[in-house]
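Chain and residue survey
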Amino acid sequence: MRAELVLMGKRLDMAARVHRRALVVSIYAGLAVLMAALWSADRWHTSGVYMIFATFLVNRLFLGGYNFGGLVKPFNGKVPRRSTYRETPFLMLALRVYQPTPDESEYRNDEREVHQRDRAHYQAYQVLTIALTVLWLLADWKMKAPRILAWLPVSADVLLYGFVLIAIVAAVTLPQAILLWTEPDMEQTC
Amino acid sequence: MNTQLNLLEKQISMAQRAHRRWLVVATYGAFAALIIAVFWFSRSMFYAWSLIAVVAISIMVSHLVGRPGDASDERESYRWDHAIARAYPRIGNFLVFALIATQLQSKVNDTAHPALFATFL
(Lines give C-alpha, C1' and ligand atoms only; values in the text may rest on other atoms or scores of the structure.)
Protein backbone atom coordinates (compact mmCIF):
# COMPACT_ATOMS: atom_id res chain seq x y z
CA MET A 1 0.00 0.00 0.00
CA ARG A 2 1.28 3.45 -0.89
CA ALA A 3 1.70 6.08 1.81
CA GLU A 4 0.95 9.08 -0.38
CA LEU A 5 -1.57 10.04 -3.00
CA VAL A 6 -0.72 12.34 -5.90
CA LEU A 7 -3.78 14.40 -6.83
CA MET A 8 -3.53 17.14 -9.46
CA GLY A 9 0.21 17.33 -8.92
CA LYS A 10 -0.21 17.72 -5.17
CA ARG A 11 1.11 15.09 -2.76
CA LEU A 12 -1.25 14.03 0.02
CA ASP A 13 0.17 12.14 2.99
CA MET A 14 -1.78 8.94 3.61
CA ALA A 15 0.55 7.33 6.14
CA ALA A 16 -1.77 8.17 9.01
CA ARG A 17 -4.79 5.91 9.31
CA VAL A 18 -7.06 8.84 10.13
CA HIS A 19 -6.26 10.38 6.71
CA ARG A 20 -7.10 7.14 4.94
CA ARG A 21 -10.35 6.79 6.87
CA ALA A 22 -11.30 10.36 5.94
CA LEU A 23 -10.59 9.48 2.29
CA VAL A 24 -12.80 6.38 2.45
CA VAL A 25 -15.67 8.34 4.05
CA SER A 26 -15.37 11.13 1.45
CA ILE A 27 -15.33 8.61 -1.42
CA TYR A 28 -18.52 6.87 -0.29
CA ALA A 29 -20.18 10.22 0.50
CA GLY A 30 -19.20 11.45 -2.99
CA LEU A 31 -20.58 8.31 -4.64
CA ALA A 32 -23.84 8.63 -2.67
CA VAL A 33 -24.19 12.29 -3.71
CA LEU A 34 -23.47 11.35 -7.34
CA MET A 35 -26.06 8.59 -7.28
CA ALA A 36 -28.67 10.97 -5.84
CA ALA A 37 -27.73 13.63 -8.41
CA LEU A 38 -28.09 11.15 -11.29
CA TRP A 39 -31.46 10.09 -9.91
CA SER A 40 -32.71 13.67 -9.77
CA ALA A 41 -31.29 14.35 -13.26
CA ASP A 42 -33.14 11.65 -15.21
CA ARG A 43 -34.17 8.89 -12.77
CA TRP A 44 -31.08 6.86 -13.95
CA HIS A 45 -32.80 6.54 -17.31
CA THR A 46 -29.58 7.08 -19.24
CA SER A 47 -27.20 8.11 -16.45
CA GLY A 48 -27.36 4.94 -14.30
CA VAL A 49 -24.40 3.39 -16.11
CA TYR A 50 -22.26 6.45 -15.27
CA MET A 51 -22.18 5.24 -11.65
CA ILE A 52 -20.13 2.24 -12.74
CA PHE A 53 -17.75 4.43 -14.77
CA ALA A 54 -17.41 6.74 -11.74
CA THR A 55 -16.57 3.76 -9.52
CA PHE A 56 -13.79 2.63 -11.83
CA LEU A 57 -12.47 6.21 -11.94
CA VAL A 58 -12.42 6.28 -8.13
CA ASN A 59 -10.44 3.04 -8.16
CA ARG A 60 -8.02 4.42 -10.75
CA LEU A 61 -7.42 7.68 -8.87
CA PHE A 62 -7.77 6.85 -5.18
CA LEU A 63 -8.34 3.27 -4.16
CA GLY A 64 -6.42 1.05 -6.60
CA GLY A 65 -6.90 -2.70 -6.14
CA TYR A 66 -8.94 -3.59 -9.19
CA ASN A 67 -7.30 -0.77 -11.18
CA PHE A 68 -3.66 0.31 -11.16
CA GLY A 69 -3.10 3.81 -9.83
CA GLY A 70 -4.61 4.24 -6.37
CA LEU A 71 -3.25 3.63 -2.89
CA VAL A 72 -3.70 -0.15 -2.87
CA LYS A 73 -1.48 -2.23 -5.14
CA PRO A 74 -3.24 -4.17 -7.93
CA PHE A 75 -4.85 -7.29 -6.46
CA ASN A 76 -3.73 -9.48 -9.36
CA GLY A 77 -0.09 -8.44 -8.90
CA LYS A 78 0.39 -8.06 -12.65
CA VAL A 79 2.17 -5.31 -14.58
CA PRO A 80 -0.32 -2.69 -15.81
CA ARG A 81 -0.93 -2.87 -19.57
CA ARG A 82 0.55 0.51 -20.30
CA SER A 83 4.05 -0.63 -19.45
CA THR A 84 4.34 -2.89 -22.49
CA TYR A 85 5.86 -0.17 -24.72
CA ARG A 86 9.23 -1.26 -26.03
CA GLU A 87 10.33 2.26 -26.94
CA THR A 88 9.50 5.60 -25.37
CA PRO A 89 6.41 6.98 -27.18
CA PHE A 90 7.47 10.55 -27.99
CA LEU A 91 3.95 11.69 -28.87
CA MET A 92 2.72 10.65 -25.43
CA LEU A 93 5.72 12.40 -23.88
CA ALA A 94 4.90 15.57 -25.80
CA LEU A 95 1.27 15.38 -24.70
CA ARG A 96 2.44 14.73 -21.10
CA VAL A 97 0.29 11.63 -20.78
CA TYR A 98 3.14 9.10 -20.79
CA GLN A 99 3.58 7.17 -17.59
CA PRO A 100 6.78 5.18 -17.30
CA THR A 101 6.94 1.49 -16.44
CA PRO A 102 6.25 1.15 -12.73
CA ASP A 103 8.76 -0.42 -10.44
CA GLU A 104 8.04 -4.05 -9.54
CA SER A 105 7.43 -3.04 -5.91
CA GLU A 106 4.50 -0.88 -7.09
CA TYR A 107 2.43 -3.77 -8.40
CA ARG A 108 3.86 -7.00 -6.95
CA ASN A 109 2.28 -8.07 -3.65
CA ASP A 110 4.48 -9.72 -1.03
CA GLU A 111 3.22 -12.56 1.17
CA ARG A 112 1.87 -10.23 3.87
CA GLU A 113 0.01 -8.11 1.31
CA VAL A 114 -1.51 -11.19 -0.34
CA HIS A 115 -2.71 -12.32 3.08
CA GLN A 116 -4.19 -8.86 3.79
CA ARG A 117 -5.85 -8.83 0.36
CA ASP A 118 -7.46 -12.21 0.96
CA ARG A 119 -8.63 -11.18 4.45
CA ALA A 120 -10.17 -7.95 3.09
CA HIS A 121 -12.00 -9.93 0.41
CA TYR A 122 -13.31 -12.31 3.03
CA GLN A 123 -14.71 -9.39 5.06
CA ALA A 124 -16.16 -7.71 1.96
CA TYR A 125 -17.77 -11.02 1.02
CA GLN A 126 -19.88 -10.95 4.23
CA VAL A 127 -21.32 -7.57 3.21
CA LEU A 128 -21.85 -8.73 -0.36
CA THR A 129 -23.76 -11.78 0.87
CA ILE A 130 -26.19 -9.48 2.70
CA ALA A 131 -26.52 -7.31 -0.43
CA LEU A 132 -27.25 -10.41 -2.54
CA THR A 133 -29.88 -11.57 -0.03
CA VAL A 134 -31.59 -8.15 -0.20
CA LEU A 135 -31.53 -8.33 -4.01
CA TRP A 136 -33.02 -11.80 -3.98
CA LEU A 137 -35.76 -10.70 -1.55
CA LEU A 138 -36.61 -7.66 -3.69
CA ALA A 139 -36.73 -9.73 -6.89
CA ASP A 140 -38.82 -12.39 -5.15
CA TRP A 141 -41.33 -9.88 -3.74
CA LYS A 142 -41.53 -8.08 -7.06
CA MET A 143 -42.38 -11.34 -8.80
CA LYS A 144 -44.52 -13.13 -6.21
CA ALA A 145 -45.92 -10.55 -3.80
CA PRO A 146 -45.82 -7.06 -5.34
CA ARG A 147 -48.20 -5.81 -2.61
CA ILE A 148 -45.32 -5.85 -0.12
CA LEU A 149 -43.55 -3.15 -2.17
CA ALA A 150 -46.71 -1.24 -3.11
CA TRP A 151 -46.33 1.39 -0.36
CA LEU A 152 -42.98 2.60 -1.74
CA PRO A 153 -42.95 5.92 -3.63
CA VAL A 154 -40.83 4.34 -6.41
CA SER A 155 -41.55 1.29 -8.56
CA ALA A 156 -40.06 -2.11 -7.70
CA ASP A 157 -38.05 -2.03 -10.95
CA VAL A 158 -36.33 1.22 -9.98
CA LEU A 159 -35.65 -0.11 -6.48
CA LEU A 160 -34.12 -3.30 -7.86
CA TYR A 161 -31.99 -1.37 -10.35
CA GLY A 162 -30.77 0.98 -7.60
CA PHE A 163 -29.85 -1.91 -5.28
CA VAL A 164 -27.96 -3.75 -8.03
CA LEU A 165 -26.02 -0.54 -8.75
CA ILE A 166 -25.18 -0.14 -5.05
CA ALA A 167 -24.12 -3.81 -4.86
CA ILE A 168 -21.78 -3.38 -7.85
CA VAL A 169 -20.25 -0.19 -6.41
CA ALA A 170 -19.73 -1.98 -3.07
CA ALA A 171 -18.30 -5.11 -4.72
CA VAL A 172 -15.73 -3.12 -6.72
CA THR A 173 -14.61 -0.80 -3.90
CA LEU A 174 -15.14 -2.58 -0.58
CA PRO A 175 -11.95 -4.73 -0.32
CA GLN A 176 -9.75 -1.67 -0.95
CA ALA A 177 -11.79 0.44 1.48
CA ILE A 178 -11.42 -2.26 4.17
CA LEU A 179 -7.65 -2.36 3.60
CA LEU A 180 -7.34 1.44 3.85
CA TRP A 181 -9.60 1.52 6.89
CA THR A 182 -7.85 -1.21 8.89
CA GLU A 183 -4.16 -0.78 8.05
CA PRO A 184 -2.47 0.93 11.05
CA ASP A 185 -0.41 4.11 10.79
CA MET A 186 2.63 3.61 8.55
CA GLU A 187 6.11 4.44 9.77
CA GLN A 188 7.70 7.61 8.38
CA THR A 189 10.68 6.68 6.20
CA CYS A 190 12.48 10.02 6.46
CA MET B 1 -12.07 -29.97 6.01
CA ASN B 2 -13.67 -33.36 6.70
CA THR B 3 -12.71 -36.33 4.60
CA GLN B 4 -16.04 -38.16 4.89
CA LEU B 5 -19.50 -37.14 3.75
CA ASN B 6 -22.56 -38.50 5.57
CA LEU B 7 -25.37 -38.96 3.08
CA LEU B 8 -28.52 -40.82 4.19
CA GLU B 9 -26.50 -42.63 6.89
CA LYS B 10 -23.96 -43.73 4.33
CA GLN B 11 -20.31 -42.70 4.67
CA ILE B 12 -18.71 -41.55 1.43
CA SER B 13 -14.95 -41.03 1.38
CA MET B 14 -13.91 -37.61 0.12
CA ALA B 15 -10.21 -37.93 0.78
CA GLN B 16 -9.39 -38.07 -2.93
CA ARG B 17 -9.43 -34.82 -4.87
CA ALA B 18 -11.23 -36.53 -7.79
CA HIS B 19 -14.15 -37.39 -5.48
CA ARG B 20 -14.37 -33.82 -4.19
CA ARG B 21 -14.29 -32.45 -7.73
CA TRP B 22 -17.12 -34.77 -8.70
CA LEU B 23 -19.06 -33.53 -5.68
CA VAL B 24 -18.54 -29.89 -6.78
CA VAL B 25 -19.67 -30.72 -10.33
CA ALA B 26 -22.70 -32.65 -9.01
CA THR B 27 -23.66 -29.81 -6.63
CA TYR B 28 -23.56 -27.13 -9.32
CA GLY B 29 -25.30 -29.50 -11.73
CA ALA B 30 -28.11 -29.95 -9.20
CA PHE B 31 -28.38 -26.17 -8.65
CA ALA B 32 -28.52 -25.55 -12.40
CA ALA B 33 -31.15 -28.27 -12.90
CA LEU B 34 -33.30 -26.80 -10.11
CA ILE B 35 -33.09 -23.26 -11.50
CA ILE B 36 -34.01 -24.46 -15.01
CA ALA B 37 -36.86 -26.54 -13.57
CA VAL B 38 -38.19 -23.54 -11.61
CA PHE B 39 -38.28 -21.46 -14.79
CA TRP B 40 -39.77 -24.35 -16.74
CA PHE B 41 -42.65 -25.17 -14.40
CA SER B 42 -43.02 -21.71 -12.86
CA ARG B 43 -45.23 -22.89 -10.02
CA SER B 44 -44.98 -21.37 -6.59
CA MET B 45 -45.05 -24.71 -4.72
CA PHE B 46 -42.32 -26.11 -6.94
CA TYR B 47 -40.34 -22.91 -6.35
CA ALA B 48 -40.66 -23.40 -2.59
CA TRP B 49 -39.55 -27.04 -2.79
CA SER B 50 -36.59 -26.07 -4.97
CA LEU B 51 -35.53 -23.50 -2.39
CA ILE B 52 -35.68 -26.17 0.30
CA ALA B 53 -33.60 -28.49 -1.92
CA VAL B 54 -30.98 -25.75 -2.51
CA VAL B 55 -30.71 -25.11 1.25
CA ALA B 56 -30.46 -28.87 1.92
CA ILE B 57 -27.66 -29.35 -0.63
CA SER B 58 -25.82 -26.31 0.77
CA ILE B 59 -26.04 -27.67 4.32
CA MET B 60 -24.82 -31.10 3.15
CA VAL B 61 -21.79 -29.59 1.40
CA SER B 62 -21.05 -27.22 4.30
CA HIS B 63 -20.92 -30.26 6.63
CA LEU B 64 -18.07 -31.58 4.52
CA VAL B 65 -16.19 -28.33 4.04
CA GLY B 66 -17.04 -26.69 7.37
CA ARG B 67 -17.64 -22.98 7.90
CA PRO B 68 -15.10 -20.14 7.82
CA GLY B 69 -15.76 -19.42 11.50
CA ASP B 70 -14.87 -23.01 12.46
CA ALA B 71 -11.38 -22.89 10.96
CA SER B 72 -9.24 -24.70 13.52
CA ASP B 73 -5.82 -23.34 12.61
CA GLU B 74 -4.20 -20.44 10.78
CA ARG B 75 -3.61 -22.47 7.64
CA GLU B 76 -7.25 -23.41 7.30
CA SER B 77 -8.47 -19.87 7.97
CA TYR B 78 -6.00 -18.58 5.35
CA ARG B 79 -7.33 -21.11 2.84
CA TRP B 80 -10.84 -19.80 3.42
CA ASP B 81 -9.69 -16.21 2.88
CA HIS B 82 -7.83 -17.19 -0.29
CA ALA B 83 -10.75 -19.21 -1.68
CA ILE B 84 -13.15 -16.30 -1.15
CA ALA B 85 -10.68 -13.82 -2.64
CA ARG B 86 -10.60 -16.01 -5.77
CA ALA B 87 -14.39 -16.35 -5.95
CA TYR B 88 -15.06 -12.65 -5.25
CA PRO B 89 -14.42 -11.24 -8.77
CA ARG B 90 -16.80 -13.84 -10.23
CA ILE B 91 -19.57 -12.61 -7.94
CA GLY B 92 -18.85 -9.08 -9.21
CA ASN B 93 -19.24 -10.32 -12.79
CA PHE B 94 -22.54 -11.98 -11.91
CA LEU B 95 -23.75 -8.68 -10.42
CA VAL B 96 -23.04 -6.92 -13.71
CA PHE B 97 -25.07 -9.62 -15.50
CA ALA B 98 -27.82 -9.09 -12.90
CA LEU B 99 -27.78 -5.36 -13.67
CA ILE B 100 -28.23 -6.10 -17.37
CA ALA B 101 -30.89 -8.72 -16.63
CA THR B 102 -32.96 -6.25 -14.56
CA GLN B 103 -33.22 -4.14 -17.70
CA LEU B 104 -34.57 -6.86 -19.98
CA GLN B 105 -38.13 -5.97 -19.04
CA SER B 106 -38.20 -2.99 -16.72
CA LYS B 107 -36.49 -0.35 -18.94
CA VAL B 108 -35.42 1.82 -16.00
CA ASN B 109 -32.19 2.44 -17.85
CA ASP B 110 -32.31 3.01 -21.58
CA THR B 111 -28.62 2.62 -22.36
CA ALA B 112 -28.55 -1.03 -21.37
CA HIS B 113 -30.74 -2.77 -23.85
CA PRO B 114 -32.30 -1.30 -27.01
CA ALA B 115 -30.78 -3.01 -30.06
CA LEU B 116 -28.51 -5.39 -28.20
CA PHE B 117 -31.20 -7.42 -26.48
CA ALA B 118 -33.65 -7.11 -29.33
CA THR B 119 -31.18 -9.17 -31.36
CA PHE B 120 -31.20 -12.03 -28.90
CA LEU B 121 -34.82 -12.03 -27.68
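This write-up is about the structure you can find in this document. (Residues numbered from 1 in each chain as written. Chains lettered and ligands numbered in written order. Predicted model: local features only at pLDDT ≥ 70, side-chain atom pairs only at ≥ 80, totals over all residues.)

1. Notes on the environment of A:Val169
Selection rule: Helix and strand definitions follow DSSP, with helices as H or I runs of at least four residues and strands as E runs of at least two, each counted in order from the N terminus. Contact criterion: two residues are in contact if their C-beta atoms, reconstructed from the backbone, are within 7 Å.
Relative to the helices and strands, A:Val169 is located in helix H6 (residues 156-182). If sequence neighbours within four positions are ignored, A:Val169 has contacts with A:Leu31, A:Met51 and A:Thr55.

2. Re the environment of B:Val61
Residues and elements named next belong to chain B. Defined as follows: Comment: burial labels come from other C-beta atoms within 10 Å of the residue's own C-beta, placed from the backbone, where a count of 20 or more is buried, 12 or fewer is exposed, and between is partly exposed.
Checked against the element boundaries, Val61 lands in helix H2 (residues 44-65). Residue Val61 is classed as partly exposed on the basis of its 14 C-beta neighbours within 10 Å. Sequence separation of Val61 and Leu34 is 27 residues, and the distance between their C-alpha atoms is 17 Å.

3. Quick look at the interface of chain A and chain B
Put simply, the test is: Nonpolar residues are Ala, Val, Leu, Ile, Met, Phe, Trp, Tyr, Cys and Pro. Charged residues are Asp, Glu, Lys and Arg, and all others, Gly as well, are polar.
Tallying the contact residues gives 25 residues for chain A and 21 residues for chain B. At the level of elements, helix H5 (111-144) and H6 of chain A are the ones that each hand at least two residues to the side of chain A that touches chain B. Its residues placed into classes, the side of chain A that touches chain B shows 15 nonpolar, five polar and five charged.

4. So, the packing of H5(A) against H6(A)
Short version of the rule: Axes here refer to lines fitted to C-alpha atoms; in helices the fit is confined to the stretch in contact. Angles between the N-to-C directions go from 0 to 180 degrees. By definition in this entry, angles of less than 35 degrees are roughly parallel, angles greater than 145 are roughly antiparallel, angles of 65 to 115 are roughly perpendicular, and the rest are oblique.
In contact at an axis separation of 8 Å, H5(A) and H6(A) are set at 175° when each is read in the N-to-C sense. The orientation of H5(A) with respect to H6(A), classified from their angle, is roughly antiparallel.

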